[in-house]
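Listed here are the chains, written in short residue letters.
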Amino acid sequence: MVLRREPTARQLRLGIELRRLREGAGLTAIEAAALLGANRVQMSHIENGLAGVSEQRLRRLASHYACMDEEFIDALVAMATDRTRGWWEEYRGLLPTSFLDLSELDHHAVFQHEVAVLYVPGLLQTEDYARAVFSGRVPELTHDELELRVSHRMRRQQLSIPYELVIHESALRIRVSDRAATRAQLARLLERSEADHVTVRVIPFDLDGFARAASTMTYVGGSVPKLDTVVRDVPHGSAFIDSEGQLSVFRTRFRKVEAVSLDPSRSRDFMNRLTKEL
């Protein structure tokens, strides 16, 4: 069994879900390994994403774990047998792994919901806006590192899945660069908000209920709800949250934030007025 040196977030998630099923069935790693004719170390490698698992073995485990959710099992099989080498692989070794994991998550997502408070989200940024954001990094990036990040961010924007953004007025007004770049960024938001698969809602300063929108979040829908993921920014990159309890919290949080925002039409009117002020 050849072990992976650096499992992707998707490979790690598969292992996590298999471990959750095993623990839910009340089996130890040794007992589960015996069902496959393997040993505890091999089971540990599978559950930690360091080794793959065949469809036959995965379905055998699911049966022994008494998992009756066929849709979920099929989704796990798809994860286990997926051999996709997406465009993001071109950046392996050039960018931090978290950038690649985020692109892989995008690729397999069925929808995305986002709340933005300080910055326009990466999926809707202009090139100048993205460059300004990355330029503010401490320690500073070299020219080549900066351009790689900008290039990667622009390529991430090729998504065509349903995308819903709730953005606070502060993110629309903060000038990460100059007035012209801010105006261009607002124009991009207005343009993208007209797409059939994109919905943009704004929370103005004078709208009640801001406390519910006090933290940024990205909620990414998996092929089944159990495989949804929340992405949060952390100092070293991105943190992926996937426990059912936390997912439930963030689903509720997004619904509450959405409820206090302007509807899409009024949001476009708001952004148009803001553009004219610049």
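K.L.:
I'm lost on helix α7 (residues 127-135) in this one. Help?
P.N.:
Counting along an α-helix, one turn takes 3.6 residues, and residues three or four places apart therefore face a common direction. Every buried residue of α7 is accounted for by Tyr-129, Ala-130, Ala-132 and Phe-134. Residues of α7 that are buried make contact with α6 (97-108), α8 (143-156), α9 (169-173) and α10 (179-193).

K.L.:
Would you explain α8 in this entry?
P.N.:
In a regular helix each residue adds 1.5 Å, so 14 residues correspond to 20 Å; α8 covers 20 Å between its end C-alpha atoms and thus fits that length. Turning to α8, its buried residues number three or more, namely Leu-146, Arg-149, Val-150, His-152, Arg-153 and Arg-156. Taken down its axis, α8 places every buried residue within 160 degrees of arc, on the same side. Facing away from the buried surface of α8 by more than 90 degrees, the exposed residues are His-143 and Asp-144.

K.L.:
Please clarify how the nonpolar core should be interpreted in this entry.
P.N.:
When a protein is soluble and globular, its nonpolar side chains tend to lie buried together. Within the largest apolar cluster, 26 residues are counted, with the highest numbers of intra-cluster contacts made by Leu-14, Leu-58 and Leu-76. Within the residue set of this core, elements represented by two or more residues are α1 (9-24), α2 (29-35), α3 (40-47), α4 (55-64) and α5 (70-81). With seven residues, α5 is the largest single contributor of residues to this core. For Leu-58, the contacting residues outside a window of four places in its chain are Leu-14, Leu-18, Val-53, Ile-73, Leu-76, Val-77 and Ala-80. Core analysis: the next-biggest nonpolar cluster, separate from the first, contains 20 residues, Ala-171, Leu-172, Leu-186 and Val-198 among them.

K.L.:
Which parts of the structure should I look at to understand the pairing of strand β1 (residues 111-116)?
P.N.:
Put simply, side chains in a regular strand alternate between the two faces of the sheet. For β1, a buried count of five out of six residues is recorded, marking the element as mostly surrounded by other parts of the structure. Bridge count for β1 against strand β4 (residues 217-221) is five bridges, and the pairing is antiparallel. Paired with His-113 across the strands is Tyr-219, a residue of β4. Where β1 and strand β2 (residues 163-168) come together, five bridges link them in parallel fashion. Bridge pairing in β2 places His-113 opposite Glu-164.

K.L.:
Where do I start with the sheet that holds strand β3 (residues 198-203) in this structure?
P.N.:
Hydrogen bonds along the backbone pair up the strands of a sheet, which may run parallel or antiparallel. Overall, mixed pairing links the six strands, which are arranged β3-β2-β1-β4-β5-β6 in an open sheet. The strands lining the two open edges of the sheet, one partner per strand, are β3 and β6 (237-241). Neighbour to neighbour, the strand axes of the sheet diverge by 15 degrees on average, direction disregarded. Relative to β3, β2 runs parallel, the two being bridged by six bridges. For Glu-164, the partnering residue across the bridge sits in β3 and is Thr-199.

K.L.:
How do you make sense of a nonpolar patch on the surface when you look at a structure like this?
P.N.:
Among the surface-exposed residues, Leu-118, Tyr-119 and Ile-174 lie close enough to one another that they form a single nonpolar patch of about 280 Å² accessible area. By the element assignment, Ile-174 lies in the loop between α9 and α10.

K.L.:
Just checking my understanding: could you explain the pattern of salt bridges for this structure?
P.N.:
Side chains that carry opposite charge are capable of pairing whenever their charged atoms lie near each other. Counted according to the given criterion, the structure contains 22 salt bridges. By sharing partners, the salt bridges in this structure join Arg-13, Glu-17, Arg-20 and Asp-242 into a single network.

K.L.:
How should the side chain of Glu-47 be read in this particular structure?
P.N.:
Looking at the secondary structure, you find Glu-47 in helix α3. Judged by its relative accessible area of 6%, Glu-47 falls in the buried class. Contacts of Glu-47, omitting those with residues within four sequence positions, involve Gly-15, Ile-16, Leu-18, Arg-19, Arg-22 and Tyr-65.

K.L.:
Please clarify how the packing of α7 against α8 should be interpreted in this entry.
P.N.:
In helix packing, the relevant descriptors are the interaxial angle and the interaxial distance, both defined with respect to the helix axes. Running from N to C, α7 and α8 point in directions that differ by 135 degrees, and their axes come no closer than 9 Å. If you check the angle between α7 and α8, you find them oblique. Between α7 and α8 lies a crossing whose hand is right-handed. For the pair α7 and α8, the contacting residues are Glu-127, Ala-130, Arg-131, Phe-134 and Ser-135 in the first and Leu-146, Glu-147, Arg-149, Val-150, Arg-153 and Met-154 in the second.

Analysis parameters
- Residues numbered from 1 in each chain as written.
- Predicted model: local features only at pLDDT ≥ 70, side-chain atom pairs only at ≥ 80, totals over all residues.
- Heavy atoms only, no water.
- Buried < 20%, exposed > 50% of the residue type's maximum accessible area, 1.4 Å probe, protein only.
- Helix = DSSP H or I, 4+ residues; strand = E, 2+ residues; numbered from the N terminus.
- Contact = heavy atoms within 4.5 Å.
- Expected span 1.5 Å × (residues − 1).
- Arc of directions from axis to C-beta.
- Core = buried A, V, L, I, M, F, W, Y, C linked by side-chain atoms within 4.5 Å.
- Pairing = 2+ DSSP bridges.
- Axes fitted to C-alpha atoms, helices over the stretch in contact; angles between N-to-C directions.
- Patch = residues over 30% accessible without salt bridge, like charges linked within 9 Å, V, L, I, M, F, W, Y side chains within 5 Å.
- Areas by Shrake-Rupley, 256 points an atom, 1.4 Å probe, with all protein chains shown as cover.
- Salt bridge = Lys/Arg side-chain N within 4 Å of Asp/Glu carboxyl O.
- Parallel < 35°, antiparallel > 145°, perpendicular 65-115°, else oblique.
- Left-handed = near helix turned anticlockwise from the far one by under 90°.

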